[in-house]
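# Reading the structure
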Amino acid sequence: MIAAYEDLCLRKPVAMASGDEPEVTALMEARLNSLIDENVLWGQLVLCVARGKESISFDGSHLEKRPDLSIYLSDRSRRFPLVVEAKILDGTDSRTVASYCGDHGLLRFVKGEYAWASREAFMLAYVRDGSSIASKLRPRLAEAMALSPPMYLVEALPVQVSSAGQDLAHTRHGRDFVHVGQTPPSNPGSISVWHLWLSCAEG
């Protein structure tokens, strides 16, 4: 994803710097799919990438949930792609770390709307205001973790991962919903969420 984003910043600088979320994500979908034929390792790992692919929530109450990107991996059932939720961060009221973590962001994984049958998922930030995981996401989740019960069911704060200078980390969150046909206290277990924050200015 890093290579795809950096390439798009060179090819489509205006769209990547000022386009809305659907436009940027559509460009990412196209570039990630083209990399399947261009990059041997990516082609071995990934069958295809789909934007807005319909999925259902854990209990079937939401039939047309549409994750921003669904990455179909070669070694995983096609029923359960790697789900990626993308957000623009630009400092405006509706594009902050609060919205990134909220009902239309990170919470979708915690509540079982997305990736309910998986143990990992991805959050992708298109950063336009200089935000970083260390300066914005970690403090937000640290405050949430201190609450009782912890907001976003935070179990582990961001652990930074070195990746060619990019802003990459993972967190862990509990999930308290129960799959259909099971009874409490049975639950799907925690989910690890990878956070990749990308900026054209830094690319």
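Residues numbered from 1 in each chain as written. Predicted model: local features only at pLDDT ≥ 70, side-chain atom pairs only at ≥ 80, totals over all residues. Heavy atoms only, no water.

## Some remarks on the nonpolar core
Core analysis: the largest hydrophobic core is formed by 28 residues, its most contacted members being Met-28, Leu-32, Leu-124, Tyr-126 and Leu-196. Apart from the residues lying within four places of it in its own chain, the contact partners of Leu-124 are Met-1, Met-28, Val-84, Glu-85, Ala-86, Lys-87, Tyr-100, Leu-196 and Leu-198. With 25 residues, the next largest nonpolar core counts Val-83, Leu-89, Ala-125 and Ala-144 among its residues. (Core = buried A, V, L, I, M, F, W, Y, C linked by side-chain atoms within 4.5 Å. Buried < 20%, exposed > 50% of the residue type's maximum accessible area, 1.4 Å probe, protein only. Contact = heavy atoms within 4.5 Å.)

## Observations regarding the packing of aromatic side chains
Counted by the stated rule, this structure contains four aromatic pairs. On the numbers, 6.1 Å between centres and 85 degrees between planes, the contact of Phe-80 with Trp-116 is edge-to-face. Residue Phe-80 is located in the loop between strand E2 (69-73) and strand E3 (82-89), and its partner Trp-116 is located in the loop between helix H6 (107-110) and strand E4 (120-127); the two are separated by 36 residues in the primary sequence. The exposure class assigned to Phe-80 is partly exposed, which follows from its relative accessible area of 25%. Of the residues examined, Trp-116 reaches a relative accessible area of 22% and is grouped as partly exposed. (Phe/Tyr/Trp six-rings, centres within 6.5 Å; stacked < 30°, edge-to-face > 60°. Helix = DSSP H or I, 4+ residues; strand = E, 2+ residues; numbered from the N terminus.)

## A few points about the pairing of E4
Of all eight residues in E4, seven are buried, a share of seventy percent or more. Summarising the sheet, E3 and E4 pair through six bridges and their orientation is parallel. When the bridges of E4 are listed, Lys-87 appears paired with Ala-125. Relative to strand E7 (residues 191-198), E4 runs parallel, the two being bridged by seven bridges. From the neighbouring strand, Ala-125 faces E7, where its bridge partner is Trp-197. (Pairing = 2+ DSSP bridges.)

## Some words on the state of the cysteines
Linking two cysteines covalently through their sulfur atoms gives a disulfide. As enumerated under the stated definition, the model contains one disulfide in all. With its sulfur 1.9 Å from that of its partner, Cys-9 forms a disulfide with Cys-200. An S-S torsion of about -70 degrees defines the bridge between Cys-9 and Cys-200 as left-handed. Taken as a pair, Cys-9 in helix H1 (residues 2-11) and Cys-200 in the segment after E7 lie far apart in primary sequence, 191 residues in all. (Disulfide = S-S within 2.5 Å.)

## What about helix H7 (residues 133-146)?
For H7, built from 14 residues, the straight-helix expectation of 20 Å at 1.5 Å per residue is met to within 8% by its first-to-last C-alpha distance of 18 Å. Restricting attention to buried positions, one finds in H7 the residues Ile-133, Leu-137, Leu-141 and Ala-144. Buried residues in H7, looked at end-on, bunch into an arc of 70 degrees, giving them a common side. For H7, exposure combined with an orientation more than 90 degrees from the buried face picks out Ala-134, Glu-143 and Ala-146. Looking at the buried positions of H7, the neighbouring elements they touch are helix H5 (97-101), strand E5 (154-161), strand E6 (167-173) and E7. (Expected span 1.5 Å × (residues − 1). Arc of directions from axis to C-beta.)

## Describing the environment of Leu-69
Take Leu-69: it is sitting in strand E2. In this structure Leu-69 comes out as buried when scored by relative accessible area, which is 0%. Note: C-alpha distance between Leu-69 and Pro-81 (12 residues apart in sequence) is 9.3 Å. Ignoring sequence-local partners within four residues, the contact set of Leu-69 consists of Thr-25, Glu-29, Leu-32, Val-49, Ala-50, Arg-51, Leu-82, Val-83 and Val-84.

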